[in-house]
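Descriptive analysis of the structure
The lines below spell out each chain.
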Amino acid sequence: MTKLPTPQPGIMDIELYVGGASTVEGVANVIKLSSNENPWGPSPKAAEAFARAVHDLHRYPNTDHAALRAAIGEVHGLDPDQIICGVGSDEIITFLCQAYAGPGDEVIHTEHGFSMYRISALAAGAMPVEVPERDRVVDVDAILAAVTPATRLVFIANPANPTGTMVGKKELVRLATALPGEVVLVLDGAYAEFVEEFDGGASLVNRFPNVVMTRTFSKIYGLGGLRIGWGYASREIIEVLNRLRGPFNLSTAQLAAAEAAVRDRDHVARCHAENARLRVWLGNALAEHGVRCDASSANFVLARFGSREEAEACDAYLRGEGVIVRRVAGYKLPEALRITVGDEASCRRVAHLIGLFRNAGVTGAQGDD
Ligand SMILES: *Cc1c(COP(=O)(O)O)cnc(C)c1O
């Protein structure tokens, strides 16, 4: 009898991450509003830097990421020695779980929290612990009530995905103050650049040595395909995470593109302004069709329908019309669809189609009577 290799406990409890779809069978020109990508793409300067990297493909990349960390530090007013760069912020999340949680430990995430927290906790052999939110907003009291002596990490995205909601600074300070010092509080700022006057949690890192902020080049920077993210924390935590980081985790092309991207503040400002304008427009247009959204601080809205059936039917209808949005039943929001704020034409198209869908639904119901 041959034996098979057995994976570590927890690994087979991981449900495979399902990314936003990008194709519809039989439809040529789809509008993809399912992955919170930047519809305007990256800075042209980032694209140029990426193209120039072709001349150095035979060279190993730099291992300490000094130039990129310096650029991030300059732009955000942060100490480069407190920054670590990774293969997307996903890799920083993975390092944090690997470094601070293992078998017997607990990792707290919230009811509608980003799925990578759970996946990374399980991959490290730890136990993910889900705590309720209050009307789709992170609830600090619920988090504190769930803390046990086994708690090692708490993950919060701010703004959150897929709800788009935020938890205020006062509440975060209350949480950081009340958490035991040996628990790491991770503030995931993947959407921080879409918020007005927001540091993503950097000031909390400066105040609390157990707080970590993660950021990404995948959202406002429009570089999701290139996989670059970073974390900001106390030097002690950064030193720990650097021991897990592969020396060549980022390629020359990634480093060069990210540095050019972070330095192009005009591009970021333009994308921020357009997103803010179109997010309001889209929320209002959906409201006119009787579909409600929470106030979003990110580059998507969470459209709430009357029922799971209606959300599914609308998703299917949009797909048939070549518009892909994101079902979020896996995030315990079966009656909702997450819709990325696209460019103006895409926003108009998705709002128009949802209007048609809603009107057809109402007429159909009346016709049945
Ligand atoms: C998109 C997203 C990220 C970014 O992940 P990357 O690995 O940097 O692409 C991180 N956290 C949340 C909540 C996100 O929605």
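None of these values were measured; they are calculated from a predicted model. (Residues numbered from 1 in each chain as written. Predicted model: local features only at pLDDT ≥ 70, side-chain atom pairs only at ≥ 80, totals over all residues. Heavy atoms only, no water.)

Here we take up the overall build of the protein. Assigned secondary structure in the protein consists of twelve helices and 13 strands. For the protein, the C-alpha radius of gyration of 21 Å lies close to 21 Å, the compact-globule estimate for 369 residues. Expressed along its principal axes, the backbone C-alpha trace of the protein runs to roughly 65 × 60 × 50 Å. Within the protein, buried positions represent 52% of all 369 residues. Intrachain contacts of the protein at a sequence separation of at least 6 include 74% that bridge at least 24 residues. For the protein, the accessible surface area stands at approximately 16,900 Å², while carbon and sulfur atoms represent 54% of it. Side chains of the protein give 36 positive and 45 negative charges; the mean places of these two sets differ by 2 Å. (Helix = DSSP H or I, 4+ residues; strand = E, 2+ residues; numbered from the N terminus. Rg over C-alpha atoms; globule rule 2.2 N^0.38 Å. Buried < 20%, exposed > 50% of the residue type's maximum accessible area, 1.4 Å probe, protein only. Contact = heavy atoms within 4.5 Å. Areas by Shrake-Rupley, 256 points an atom, 1.4 Å probe, with all protein chains shown as cover. Lys, Arg positive; Asp, Glu negative; His and termini not counted. Charge placed at Lys NZ, Arg CZ, Asp CG, Glu CD.)

Once that is clear, we can look at the domain arrangement of the protein. Accessible area lost during the coming together of the parts is what is often quoted as the interface size. For the protein, the assigned domains read domain 1 (11-41 + 266-358) and domain 2 (45-263). Between domain 1 and domain 2, the C-alpha centre-to-centre distance is 24 Å. Contacts between the two partners involve 28 residues from domain 1, matched on the other side by 29 residues from domain 2. Approximately 2,500 Å² of surface area, both sides summed, lies buried where domain 1 meets domain 2, with 59% of it carried by carbon and sulfur atoms. The largest contributions to the domain 1 side of the interface with domain 2 come from His272, Ser297 and Tyr331, which together make up 24% of the buried area. Between the two partners, domain 1 and domain 2, sit two salt bridges. A salt bridge links Lys332 to Glu130, with the nearest nitrogen and oxygen atoms 2.7 Å apart. Across the contact surface, domain 1 and domain 2 share ten residue pairs in polar contact (both at pLDDT 80 or more). Elements supplying a minimum of two residues to the side of domain 1 that touches domain 2: helix H10 (265-288) and strand E10 (300-304). With five residues, the single largest contributor to the side of domain 1 that touches domain 2 is H10. (Domains from an automatic or database assignment. Buried area = accessible area lost by both parts, 1.4 Å probe. Salt bridge = Lys/Arg side-chain N within 4 Å of Asp/Glu carboxyl O. Polar contact = N/O pair within 3.5 Å; in protein donor to acceptor, adjacent residues only side chain to side chain.)

Attention now moves to the sheet that holds strand E8 (residues 229-232). Reading across the sheet, the seven strands line up as E2-E8-E7-E6-E5-E3-E4 and stay open at both edges, with mixed pairing between neighbours. In this open sheet, the two strands that pair with only one neighbour each are strand E2 (83-86) and strand E4 (127-131). Taken pair by pair, the neighbouring strands of this sheet meet at an average axis angle of 25°, ignoring direction. As paired elements, E2 and E8 share four bridges and run antiparallel to each other. Each residue of the ladder has a partner; that of Gly86, found in E8, is Gly229. Here helix H6 (residues 169-178) sits on the sheet in contact with strand E5 (151-157), strand E6 (184-188) and strand E7 (211-216), set at roughly 155° to E6. (Pairing = 2+ DSSP bridges. Axes fitted to C-alpha atoms, helices over the stretch in contact; angles between N-to-C directions.)

Turning next to the nonpolar core. Formed by 52 residues in total, the largest nonpolar core has its most connected members in Ile156, Leu185, Phe217 and Trp230. Of all the elements, helix H9 (residues 252-263) adds the most residues to this core, at five residues. For this core, the domains that each give at least three residues are domain 1 (11-41 + 266-358) and domain 2 (45-263). Ile84, Leu153, Ala157 and Ile237 belong to the second-largest nonpolar core, a separate cluster that totals 30 residues. (Core = buried A, V, L, I, M, F, W, Y, C linked by side-chain atoms within 4.5 Å.)

Taken as a whole, this structure holds 22 salt bridges when the rule is applied. The residue Asp90 makes a salt bridge to Arg227 at a minimum N-O spacing of 3.7 Å. With Asp90 in helix H3 (residues 88-100) and Arg227 in the loop between E7 and E8, the pair connects residues that are 137 residues apart, well separated along the chain. Relative accessible area serves as the criterion here: at 29%, Arg227 is assigned to the partly exposed category. One salt-bridge network, in which partners are shared between bridges, spans Glu274, Arg277, Glu344 and Arg348.

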